[in-house]
Amino acid sequence: DVKVTQSSRYLVKRTGEKVFLECVQDMDHENMFWYRQDPGLGLRLIYFSYDVKMKEKGDIPEGYSVSREKKERFSLILESASTNQTSMYLCASSLRQAVQPQHFGDGTRLSIL
Amino acid sequence: AQSVAQPEDQVNVAEGNPLTVKCTYSVSGNPYLFWYVQYPNRGLQFLLKYITGDNLVKGSYGFEAEFNKSQTSFHLKKPSALVSDSALYFCAVRDMSPTPLVFGKGTRLSVIA
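Residues numbered from 1 in each chain as written. Chains lettered and ligands numbered in written order. Predicted model: local features only at pLDDT ≥ 70, side-chain atom pairs only at ≥ 80, totals over all residues. Heavy atoms only, no water.

**Describing the overall build of chain B**
Summing up its helical and strand segments, chain B has 0 helices and 12 strands in all. Overall, chain B shows an N-to-C arrangement of helices and strands of β-β-β-β-β-β-β-β-β-β-β-β. Based on the C-alpha atoms only, the size of chain B along its principal axes is roughly 40 × 30 × 20 Å. Here chain B, with 113 residues, has 45% of them falling under the buried criterion. Of all intrachain contacts in chain B linking residues separated by at least 6 positions in sequence, the fraction that spans at least 24 positions is 57%. Here chain B displays about 5300 Å² of accessible surface, and carbon together with sulfur accounts for 50% of that area. In chain B, which carries 10 positive and 8 negative side-chain charges, the distance between the mean positions of the two groups comes to 5 Å. (Helix = DSSP H or I, 4+ residues; strand = E, 2+ residues; numbered from the N terminus. Buried < 20%, exposed > 50% of the residue type's maximum accessible area, 1.4 Å probe, protein only. Contact = heavy atoms within 4.5 Å. Areas by Shrake-Rupley, 256 points an atom, 1.4 Å probe, with all protein chains shown as cover. Lys, Arg positive; Asp, Glu negative; His and termini not counted. Charge placed at Lys NZ, Arg CZ, Asp CG, Glu CD.)

**Examining the interface of chain B and chain A**
Interfaces are often sized by the accessible area lost when the parts come together. Facing the 24 residues of chain B at the interface are 24 residues of chain A. Linking chain B with chain A are 1 salt bridge. Notably, a salt bridge pairs B:Arg42 with A:Asp106, separated by 3.0 Å at the nearest N-O pair. Elements represented by at least two residues in the side of chain B that touches chain A include exactly strand E5 (32-38), strand E6 (44-50) and strand E10 (87-94) of chain B. (Salt bridge = Lys/Arg side-chain N within 4 Å of Asp/Glu carboxyl O.)

**Points about the pattern of salt bridges**
Residues and elements named next belong to chain A. Summed over the entire model, instances satisfying the criterion amount to 9 salt bridges over all chains. Put simply, Asp 28 and Lys 71 hold a salt bridge, and the shortest N to O gap is 3.1 Å. Here Asp 28 is found in the loop between strand E4 (23-25) and strand E5 (31-38), whereas its partner Lys 71 is found in the loop between strand E8 (64-70) and strand E9 (73-78), with 43 residues between them in sequence. Since its relative accessible area comes to 51%, Asp 28 is described here as exposed. In this structure Lys 71 comes out as partly exposed when scored by relative accessible area, which is 26%. In this structure, the salt-bridge partner of Arg 44 is Asp 38, at a minimum N-O distance of 2.8 Å.

**Here's the deal with the nonpolar core**
Residue and element names in this part refer to chain B. Within the largest apolar cluster, 27 residues are counted, with the highest numbers of intra-cluster contacts made by Trp 35, Leu 47, Leu 48, Phe 74, Leu 76 and Tyr 89. When residues of this core are traced back to their parent elements, those giving at least two are strand E2 (10-14), strand E3 (19-21), E5, E6, strand E8 (64-68), strand E9 (73-78), E10 and strand E12 (107-112). Per-element accounting of this core gives the leading share, 4 residues, to E10. (Core = buried A, V, L, I, M, F, W, Y, C linked by side-chain atoms within 4.5 Å.)

**Side note on the state of the cysteines**
All names here are of chain B. Counted according to the given criterion, the structure contains 2 disulfides over all chains. Through a disulfide, Cys 23 is tied to Cys 91; the S-S separation comes to 2.0 Å. When the S-S torsion is -60°, as for the bridge of Cys 23 with Cys 91, the disulfide is left-handed. You can see Cys 23 sitting in the loop between E3 and strand E4 (24-26) and its partner Cys 91 sitting in strand E10, a full 68 residues away along the chain. Classification of Cys 23 by relative accessible area gives buried; the value is 0%. (Disulfide = S-S within 2.5 Å.)

**Structural notes on unusual backbone geometry**
Here A:Asp28, not a glycine, exhibits a phi torsion of approximately 60°, which is positive. We note that B:Asn41 has phi near 60°; this positive angle belongs to a residue other than glycine. Here B:Asn41 lies in the loop between E5 and E6. On the accessibility criterion, B:Asn41 (39% relative accessible area) is partly exposed.

**So, the packing of aromatic side chains**
Within this structure, the stated rule accounts for 16 aromatic pairs over all chains. When the ring of A:Phe48 is compared with that of A:Tyr50, the centres are 5.2 Å apart and the planes differ by 65°; the resulting orientation is edge-to-face. The exposure class of A:Phe48 is buried, given its relative accessible area of 9%. Between B:Tyr36 and B:Phe46, the aromatic rings sit 5.9 Å apart at their centres with planes inclined by 65°, giving edge-to-face as the arrangement. Highlighted residues: B:Tyr36 in strand E5 and B:Phe46 in strand E6, separated in sequence by 10 residues. B:Tyr36 sits in the buried class, given a relative accessible area of 0%. For B:Phe46, a relative accessible area of 25% corresponds to the partly exposed category. Across from the ring centre of B:Phe63, 5.0 Å away, lies the NZ or CZ of B:Lys78, which sits over that ring. (Phe/Tyr/Trp six-rings, centres within 6.5 Å; stacked < 30°, edge-to-face > 60°. Lys NZ or Arg CZ within 6 Å of the ring centre and 35° of its normal.)

Pasting the structure below:
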């Protein structure tokens, strides 16, 4: 089975802090994704990556950056956390082909105080 | 641009009755369609997909979905609902290129004993 592991299930940080969310997958997937999930808004794509050291902006990249130094790891960075970034963050990975589903981690519930 | 609509925020059904969760989509060209389920405090779990071929696709936990090209719909169904099916359900679409999935806003299914 595919395993996508997010380093923290719950995280509490303060406004202005730099926050790192880590995601690791164990199935040699080329593609990795970061979404945030908010009630009534569904899933919104923040950033994605098709390969090591590659990144693409999603629909809501403002206030975020990403890093993919190794194929299995995709990090989401909140450069200066703000209260409107309080959310559930979901990481996903997939094989390259369009017919392949995305596989999700269990999420990180992030609270910015 | 690709988009997905899930017209119902909430669906209530009695245990043992059939259930339907609706999804319509918009995509250029042929669609690849996916259904996911999310249980509380968990990530999204892949249920089934439509790529090509038979319009009725079967997936995990007794779920199936019917693809209708003329109505641009991909409704999720189950002949007999269980209380344990209560969860949040997401429909997703992409075209034939390996782009990130576009998700609907989700439908909360409540199965009442």
